[in-house]
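One-letter residues, chain by chain:
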Amino acid sequence: MSFSHGIAIDPDQIKDDITQGKIQMSDLFVTMCFFARLGFVQPPCCLKCAYRSAGCGEKTKNEKNYPDEKKGGSSSSCSELVAWRRDAGIALHPDKLQGNIVFVTCDTAKSLVNGDAYPSIRWDTRNKRLLHEI
């Protein structure tokens, strides 16, 4: 399963993958909580990339060949899904996620927290809202 970079994915678009167990909602919620505990408003990447960035995971082929490239981050692209809240001003709680959650790829999350904007999605840091999604 592959998703486009730079778009927000509505939960309804992946409900079959969730039902079939291809996507674990509990894992996505744990990722959100993990990063929130570290002080992030939204997850800046998936847990796999965070683990790799911390020097704990295996290096990709590209990182082995170019170890100085993109220090502190992965030089390979990642299309893992990351759950983002449309309105991060609403407390992070399982009961308050209905209608407030969208999914973005890990690469999109990395870009959004760095201030990048896309035609269909943009992160408003000041108001803690995801704008122009879906």
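Residues numbered from 1 in each chain as written. Predicted model: local features only at pLDDT ≥ 70, side-chain atom pairs only at ≥ 80, totals over all residues. Heavy atoms only, no water.

*Asks:* How would you explain the packing of aromatic side chains if you had to name every residue and give the values?
*Replies:* Scanning all chains against the criterion turns up three aromatic pairs. Plain terms: the ring middles of Phe-34 and Phe-35 are 5.1 Å apart, the flat faces sit at 75° to each other, and that makes the pair edge-to-face. Judged by relative accessible area, Phe-34 falls into the partly exposed class, the value being 40%. Pairing Phe-35 with Phe-40 gives two aromatic rings, centres 5.6 Å apart and planes at 90°, and the pair type is edge-to-face. With relative accessibility at 4%, the residue Phe-35 sits in the buried group. On the accessibility criterion, Phe-40 (38% relative accessible area) is partly exposed. Among the aromatic residues, ring-to-ring pairing joins Phe-34, Phe-35 and Phe-40 into one connected group. (Phe/Tyr/Trp six-rings, centres within 6.5 Å; stacked < 30°, edge-to-face > 60°. Buried < 20%, exposed > 50% of the residue type's maximum accessible area, 1.4 Å probe, protein only.)

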